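Residue-level listing of the chains:
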Amino acid sequence: MKELKPLTLGGQLLERPIIISGPCSAETEEQTLETAKGLCANGIKIFRAGIWKPRTKPGGFEGVGEEGLAWLKKVKKETGMYTSTEVATRAHVDAALDAGVDMLWIGARTSANPFAMQEIADALSERGADIPVLVKNPVNPDLELWIGALERLYNAGIRQLGAIHRGFSAYGKHLYRNLPQWHIPIELRRRLPNLPIIHDPSHIGGKRELVAPLSQQAIDMGFDGLIIESHCDPDCAWSDKAQQVTPEVLNYILNTLVYRDEKQSTENLKILRQQIDALDNELLETLNKRMRVSREIGQYKKEHHMPVIQAARYDDIMQSRVGLAKEMGMSGEFMQTVLQAIHEESVRQQIDIFNKR
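Reading guide: rules and limits
Along each chain, numbering runs from 1 in the same order as the chain's sequence is written. For a predicted model such as this one, the threshold for reporting local features is a pLDDT of at least 70, and the threshold for listing and counting side-chain atom pairs is 80 or more; totals across whole chains, interfaces and linings nevertheless cover every residue. Note: side-chain values were computed over all heavy atoms of the structure, leaving out hydrogens and water. Should DSSP find at least two bridges between two strands, the strands are taken to pair. The secondary structure listing takes helices from DSSP runs of H or I that are at least 4 residues long and strands from runs of E that are at least 2 residues long, numbered from the N terminus. Axis angles are defined between N-to-C directions and span 0 to 180 degrees, where every axis is a line fitted to C-alpha atoms and, for a helix, only to the segment in contact. Contacts between residues were defined by any pair of non-hydrogen atoms, one from each residue, lying within 4.5 Å. The term polar contact refers here to a pair of N or O atoms within 3.5 Å; inside protein, the definition further demands a hydrogen-donor-capable atom paired with an acceptor-capable atom, and it admits residues adjacent in sequence only when both atoms are side-chain atoms. Remark: exposure states derive from per-residue accessible area (1.4 Å probe, protein chains only) relative to the maximum for the residue type, with buried under 20%, exposed over 50%, and partly exposed in between. What the arc covers is the set of directions going from the helix axis to the C-beta atoms.

Novice: Describe the sheet that holds strand S9 (residues 197-199), naming the residues involved and giving the relevant values.
Specialist: Ordered in space as S3-S4-S5-S6-S7-S8-S9-S10, the eight strands form a closed barrel in which the pairing is parallel. Sheet twist, expressed as the mean angle between neighbouring strand axes with direction ignored, is 25°. Note: strand S5 (residues 82-86) against strand S6 (residues 103-106), three bridges, orientation parallel. Each bridged residue has a counterpart across the sheet, and for Ser-84 the counterpart in S6 is Met-103. Across the sheet, helix H1 (residues 29-41) touches strand S3 (18-22) and strand S4 (46-48), and the angle it forms with S4 is around 150°.

Next up, the structure:
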C-alpha cells in the first residue's frame, strides 16, 4: 500500500495527535447534541457516534439506525465539527455517505469477516468515496486478517486509510476488557509505516479510570491519535457506560498527556541503542547455541527411541525460568511467551532430526 494519502477532512490535513470523541451510541437527538457541544467547547473537532451497534447477543440496544444520521447532520451544522460513524454493510455505507458523514470506521467484528469487508470496499468504490476510512483490528489477534481488511479497501481505490487499535478479545477475567497486545499494532506499523494508527483506550480498558493511562502509553509509543468515548451523562448511557467519560473529564485527560519530542536525538541515546544492537546480536548467538544443543538432544532421543515432547521437563523449565524472570523484574507473561516460542522452535528442529534418514 505505497500510495496511501494523508488523512484529510474539509481539505485540511489531520495533524497528530488526531482526537476523535463522542458517545458509544447516538441515543437521542438531545443527548447527541449536548455531548457534541460539550466536546466542541473543549476543542474537539471530530465527533463520533454509533448509529448501528452490533451486539454480541440479540435483544440489546442495536442503535437508533438511520434516524441518528439526521442528528449527526445537526451536530455538523450547529458546531462545525466533522462527523464519523461505524458501518458494517453496503446499506450503512450508502446511508452514511448520503447523510454527509465525513469519516467512517469499520468495527472489530466486521473487519474479521472478509465477505463483509469486500462488500463495504465495493460500496465505497462504486460511490467514488474519498473520505478517511479507519479499520479496527479484528476481535481475534490476527495481524494478517487486519492487513487483509485494509488491503481490500486499498484495492478498491480507497487511499485515505487508517487503523484503530481497540484490543483483542480473550476468555476469562483480565485487567482490560480487550487485551492490548501491543506487539501487534507495533508490527503493523513496521509493515505499513505510512498507515496512521489510532488507539482506542475506551474499548481496551473497558473502564473509564483506565482511559488516561492507556492514552498516555499509546502516545508514548508513537500512535497517531486517540478515539475516546465521551457522553454527557455516562452513567445513564444505553451502551458501554462504564468506559465513557464526560467531555470535561476528556478535556482533563487530554491536557495532562505528555507528548515526547520524536525528533530529539542525543548522543547518549545513540550509545544506548548501540548497546541494544550489541545485546541483540549476543542474544541471537546464544539462541543459536541453544538450538545446536537442542538438535544434539534430538539426535540422542532418536537413537534411544524417546519421544520428542517431554511434558514434565517442559513444565519444570516454564516454572523455574518464569520464577527467575519475575525476580529480575520481568513480566511472567512475557517470559512464558518467550519460552513457548523457544520450545516450539526446539521441537521443530528435533522433529527435523527424527525425519532424517
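Novice: Summarise the side chain of Gln-31; cite the residues concerned and give the values.
Specialist: Its location among the elements puts Gln-31 in helix H1. Within polar-contact distance, the side chain of Gln-31 engages the backbone nitrogen of Glu-27 at 2.8 Å. A polar side-chain atom of Gln-31 sits 3.3 Å from a polar atom in the side chain of His-231.

Novice: Can you lay out the environment of Ala-212 for me, pointing to particular residues and giving the numbers?
Specialist: Looking at the element boundaries, Ala-212 is found in helix H9 (residues 211-220). Spatially, the C-alpha atom of Ala-212 lies 42 Å from that of Arg-290, the residues being 78 residues apart in sequence. In this view, Ala-212 contacts Ile-253 and Leu-257; residues no more than four positions away in its chain are not counted.

Novice: Tell me about helix H10 (residues 247-256), and please be specific about residues and values.
Specialist: All of the buried residues along H10 are Pro-247, Leu-250, Ile-253 and Leu-254. Here the buried residues of H10 occupy an arc of 115° about the axis, which is enough to place them on one side. Away from its buried face, by an angle of more than 90 degrees, H10 presents the exposed residues Glu-248, Tyr-252 and Asn-255. If you follow the buried residues of H10, they end up packed against S3, H1, H9 and strand S10 (225-229).

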